[in-house]
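# Inside the fold
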Amino acid sequence: MSTPLALPEEFADLAQFEDWALETWRERYEKRLASTVEEMQALYDAITPRIEEILSYCDRHDLAALPDEVRNLMFLLFSLCEASLPVEIWRQPRVPDSGAADLTMVAEPRL
Amino acid sequence: MAHFPKPAEGSWTQHYPGLGTGPISYRDSFDPHYWQQEIDSIFTKEWLCVGRVEQLSRVGSYFTKEFEWANRSLVIVKDQGETIRAFHNICRHRGNKLVWHDYPGEETSGYCRQFSCKYHAWRYALDGSLVFVQQEEEFFDLDKENLGLVSVACDVWEGFIFVNLDPQPSQTLTEALGDLATGLAGYPYGEMTQRYNVTSKINSNWKLFIDAFVEFYHAPILHQQQSTSEEGQKLAAVGFEGLHYELFSPHSMVSSWGGMAPPADPRMVKPMENFLRSGLFGPWDKPAVVDNNENLPPLVNPSGHRAWGIDSFLLWPNFMILIWETGWYLTYSYWPDSPNSHTFESSLYFVPPETSSQRVAQEYAFSVFKEFALQDANTLEATQSMIETGVVDTFVLNDQEVLCRHHHAAAREQVAAGRRPDSYPWMPAEVSA
Ligand code: FES
Ligand SMILES: [Fe+2]
C-alpha cells in the first residue's frame, strides 16, 4: 500500500490500523470476528489513552461535513466501540454462547 | 426481600386474580395447529406496526413488507396527498409482484412517481389507481376504475405506521391501542430520527423472545459478564425486581430501575463507558427534546421512582416500545415465520447527534445493545429445542415473570374467541374509560 490512510497529522501514527477504518457496522463486526483479541487489544491500547484528545479534535469539525481525515478517525472510533467488547469483557472475539445468532443491519446512520 | 413495594394483594400476579399463579404449559410455543390459530385469530386480525413515518420522507417514498406467515406482501407508500397508504403488492393484470428489486422475496424500499409492473408495464398512481395499460385497445371491456391496487387498512399513531390484514378491521387503531393510545402519546418520537434497524432470524416461537424482553429476571444472570465482575456479582446476588407492572390487556408494561447512566461510581462500569459517556442505557447526556423527562407521557415511569431507568410497553400482539430515562427509545417486532422460528426486528432511535462525541456515544450504545441481543437470541434456540421434547410439560413462573404469564394467556383468550375478546377474566370488570 503506497498511500497511508488519511488522518489528521496529530494522529498519523494510527494509520497502522487502517484496515479498521470501515464505513459500515457489518464490516466492523466482521473485522472483529476475524481478528484476535491481541489485535483488538493493540487498537484499544493505541486509542484509549488519547481518546479525550481525539474526541475533542473531532468535535471541532462540523459533523455534517467532516473532512476525509476526520471521517477516517471517526471510523477508527466506531471500530473501537466494536472491538472494546472482546477486549474489556469477553476475552474472545465472539459473544460467548451466541452460537449461530447473527444480526442483519437493514438501516444505519452513515457519516 | 422486596426492595420495591408490591400491590396490596402481595404480588403483581395476584393483583390480577384469574391470571393464576400455577405452572403453565409451553405447548402453545411449538404446536403447529395452535400456531396457525394464532395467525388466523391474532396476526391477521390485529393492527401491526410496520415502521415509522420518517421512513417515508417524501411523496412517492415507499417500502415493502413481506408477511410470509400470512402469505402476503405489502407496499406502504406516501401518496400525492401525503397520506400513507398500504396495498397488497400484486399487479391486477396477471398477478405479478409489483414492487421488488432483484429478489422477489426480499423487502425493499425506495422512491417512485408511479408503480410500474415489470411484466407488461401496467402503471399505478401512488394512491393505487390504475393509470396506464399497455396496448389497452387489445383488452375486452376493461374497467380501469375497478382495477386499482387492493388496499390494506393502514393508519398512523404517533408516527408509527400500522396495517391490519383484516379487510374489515373490527376496531380502529386507536380503539385497539386502548389506554396506550393516549398514555404513550406525546413523547418526542418524531425528533428521534437517528435510526439503527436490525433483523435476525431466530429459531424459536415468537412468544419466547417476547418472554425474554418482558422480564428482567434473567438479566443479572445471563448478562452478568457484561458488567464489571464485581458489579456483575453484586447484581446477580440482589436479583431483579421491577418498579411497576401493569396490564392493559392484551397490552402490558414493566417499569424498571436504571442507575448506571451515569453510574454513582465510575468503577461500576467498563472503561469504555466512562470514555464515551454511554453504554447499554444509552448516551448518558440527555438530549434537550426530552426536557429532562419533565413531560413524559402519562403511562411512563408510573412509580415516579428516582431510580427509574426504562419502561417496556408491549403493544399487542408483537410490538414493543422501550423508553429510556436517558432520552431515546427502542422498538422490537416479532414476526411469526413458523411454529418454531420467527424474525426479530429492532430499531434504536436517537436524537440526531450534533457533535462527533455524541455520534460515537450512540454508536457505542448500539454496539453494546447488540451484544445483549445476541446472547438473548441464542438462548432462545436452546429453550425452544428443549420444550419441544415434551419431557417437561409445565413450567413455573415467578412474580417478576407476570408479563410472560399474561402474554401467553392473552393469546390463549384470543385464539379461543377467534378474535380480540371483549374482556379478559383477570381484568377488573369496571375498566374506566
Ligand atoms: S402482470 Fe403486471 S402488467 Fe402484466
Ligand atoms: Fe436479555
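The model shown is predicted, which means the values in this text are computed figures rather than measured ones.

## Structural notes on unusual backbone geometry
All names here are of chain B. Along the chain, Ser249 connects to Pro250 via a cis peptide bond; the corresponding omega equals 5°. With respect to the helices and strands, the residue Pro250 is situated in the loop between strand S13 (244–248) and strand S14 (251–257). Pro317 follows Trp316 through a cis peptide bond whose omega is 0°. Phi is positive for Asp102, close to 65°, though the residue is something other than glycine. Note on placement: Asp102 falls in the loop between strand S5 (84–88) and strand S6 (109–111).

## Description of the coordination of the iron ion (ligand 2)
All names here are of chain B. Taken together, His218 (NE2), His223 (NE2), Asp376 (OD) and Asp376 (OD) make up the protein donors of the iron ion (ligand 2), found 2.2 to 2.4 Å from the metal. Considering all four donor atoms around the iron ion (ligand 2), angles at the metal cover 55 to 137° and the coordination shape is irregular. Positions of the donor residues of the iron ion (ligand 2) along the chain correspond to the pattern H-x4-H-x152-D. Highlighted residues: His223 in the loop between helix H5 (219–222) and helix H6 (229–238) and Asp376 in helix H8 (residues 356–387), separated in sequence by 153 residues. A relative accessible area of 5% means that Asp376 is categorised as buried.

## Comments concerning the domain arrangement of chain B
Residue and element names in this part refer to chain B. According to the domain assignment, chain B contains domain 1 (24–43 + 180–432) and domain 2 (47–169). A separation of 32 Å is found between the C-alpha centroids of domain 1 and domain 2. With 26 residues of domain 1 at the contact, the number on the domain 2 side is 14 residues. Among the residues domain 1 hides against domain 2, the three largest losses belong to Phe43, Phe319 and Trp335. Together they make up 31% of the total. Inspection of the domain 1/domain 2 interface yields one salt bridge. With a shortest N-O distance of 3.1 Å, Glu345 and Lys65 are connected by a salt bridge. Our enumeration of links across domain 1 and domain 2 arrives at four residue pairs in polar contact (both at pLDDT 80 or more). Counting only elements with at least two residues in the side of domain 1 that touches domain 2, the list comes to helix H1 (32–43), helix H3 (179–183), strand S16 (319–324), strand S17 (328–338) and strand S18 (341–350).

## What about the sheet that holds S14(B)?
Strand order in the open sheet made by the eight strands is S1(A)-S12(B)-S18(B)-S17(B)-S16(B)-S15(B)-S14(B)-S13(B), with antiparallel pairing throughout. A single partner strand is all that each edge strand has here, and the edge strands are strand S1 (104–107) of chain A together with S13 of chain B. Geometrically, the sheet is characterised by an average inter-axis angle of 15° between neighbouring strands, direction not taken into account. Of the pairings in the sheet, the one linking S14(B) to strand S15 (residues 308–315) of chain B comprises six bridges and is antiparallel in character. Across the sheet, Ser256(B) pairs through a bridge with Ile310(B), a residue of S15(B).

## Some details on H8(B)
With 32 residues, H8(B) extends 47 Å between its outermost C-alpha atoms, agreeing within 8% with the 46 Å of an ideal straight helix rising 1.5 Å per residue. When you tally the buried positions in H8(B), you get 24 out of 32 residues, the bulk of the element.

## Focus: empty space enclosed by the protein
All names here are of chain B. According to the stated counting rule, one finds four cavities of 30 Å³ or more in the structure shown. Reported here for the largest cavity is a volume of approximately 660 Å³. Considering the residues around the largest cavity, the lining is formed by 36 residues, among which Ala219, His223, Leu280, Phe281 and Phe372 are closest to the centre. Of all the secondary-structure elements, those providing two or more residues to the lining of the largest cavity are helix H4 (206–213), H5, H6, S14, S16, S17 and H8. For the lining of the largest cavity, the element with the highest residue contribution is H8, accounting for four residues. Split by residue class, the lining of the largest cavity holds 23 nonpolar, nine polar and four charged. Its boundaries defined by the atoms lining it, the second largest cavity holds a volume of some 130 Å³.

What counts, and where the lines are drawn
Residues numbered from 1 in each chain as written. Chains lettered and ligands numbered in written order. Predicted model: local features only at pLDDT ≥ 70, side-chain atom pairs only at ≥ 80, totals over all residues. Heavy atoms only, no water. Helix = DSSP H or I, 4+ residues; strand = E, 2+ residues; numbered from the N terminus. Donors = N, O, S within 2.8 Å, 3.2 Å for Na, K, Ca; no water. Tetrahedral: all angles 85-135°; square planar, octahedral: opposite > 155°, others 65-115°. Buried < 20%, exposed > 50% of the residue type's maximum accessible area, 1.4 Å probe, protein only. Domains from an automatic or database assignment. Contact = heavy atoms within 4.5 Å. Buried area = accessible area lost by both parts, 1.4 Å probe. Salt bridge = Lys/Arg side-chain N within 4 Å of Asp/Glu carboxyl O. Polar contact = N/O pair within 3.5 Å; in protein donor to acceptor, adjacent residues only side chain to side chain. Pairing = 2+ DSSP bridges. Axes fitted to C-alpha atoms, helices over the stretch in contact; angles between N-to-C directions. Expected span 1.5 Å × (residues − 1). 1 Å grid on protein atoms, 1.4 Å probe; cavity = no way out; pocket = protein on both sides within 12 Å on 5 of 7 lines; lining within 4 Å. Points joined across faces, edges and corners; volume = space filled by probe spheres on them. Nonpolar A, V, L, I, M, F, W, Y, C, P; charged D, E, K, R; others polar.

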